[in-house]
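Per-entry structural report
Given next are the chains, with one letter for each unit.
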Amino acid sequence: MKIKNIVNIYFDNPMPFEADNIKPLNGIIGLYFIFSPNNQIQYPFDKSKLLYIGMSEKKTNGIGSRLIGHFEGKSKNIGLVNYRKIKPLWFTYINFEVLKNIWEFRVEDLESYFILNFVENFGVYPICNNKTGLKVLNNTILINFKINWSYFK
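What counts, and at which threshold
- Residues numbered from 1 in each chain as written.
- Predicted model: local features only at pLDDT ≥ 70, side-chain atom pairs only at ≥ 80, totals over all residues.
- Heavy atoms only, no water.
- Phe/Tyr/Trp six-rings, centres within 6.5 Å; stacked < 30°, edge-to-face > 60°.
- Helix = DSSP H or I, 4+ residues; strand = E, 2+ residues; numbered from the N terminus.
- Buried < 20%, exposed > 50% of the residue type's maximum accessible area, 1.4 Å probe, protein only.
- Lys NZ or Arg CZ within 6 Å of the ring centre and 35° of its normal.
- Contact = heavy atoms within 4.5 Å.
- Polar contact = N/O pair within 3.5 Å; in protein donor to acceptor, adjacent residues only side chain to side chain.

Thoughts on the packing of aromatic side chains
Going through the model one piece at a time under the given rule, you end up with 25 aromatic pairs. Geometrically, the ring pair formed by F33 and F152 is tilted, given 6.0 Å between the ring centres and 35° between the ring planes. In this pair, F33 is assigned in strand β3 (residues 30–35) and F152 in the segment after β8 (143–147), connecting sequence segments 119 residues apart. On the basis of relative accessibility, which here comes to 0%, the residue F33 falls in the buried class. Judged by relative accessible area, which is 0%, F152 ranks as buried. Relative to F105, the ring of W103 lies with its centre 5.5 Å away and its plane at 75°, an arrangement referred to as edge-to-face. Note on W103: relative accessible area 2%, which makes it buried. Over the face of the ring belonging to F71 we find R84, whose NZ or CZ atom lies 3.8 Å from the ring centre.

Structure (structure tokens):
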């Protein structure tokens, strides 16, 4: 049995969830995280400002395109739309290119890994996510990401 490598994951500077900040991310594949700058959600195990974990799997529908869909409400994620009505939101992202050398699976599996890790730490899916992260469980993962969830506190 191989020993898992531990890789620390830190998040980049947050950006206001606004079209001008989103457009430069067109064509980037990876994960994105939408959160409230102020409101903490009481999850079963701990509080967090994180509302949603999403991903882009291809350049033609990159992070910028996916975020614009959420921003404009075209993604039909009513939770994000309604949170944004109350107060401005923020986002950050992870470019999949940075992890390609150490993550041997698809970006969809990476999203599942992050969602399941969030569940492990907070007791439930982020409040605006409505899908599970079960696919990644079918893979033998030889890496263990230590995710800095405190970024969203």
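From this point, things continue past the structure.
Examining the environment of Y151
Looking at the secondary structure, you find Y151 in the segment after β8. Excluding anything up to four places from it in sequence, Y151 contacts F11, D12, N13, P14, F35 and T92. Polar side-chain contacts of Y151 include one of 2.5 Å to the backbone oxygen of D12.

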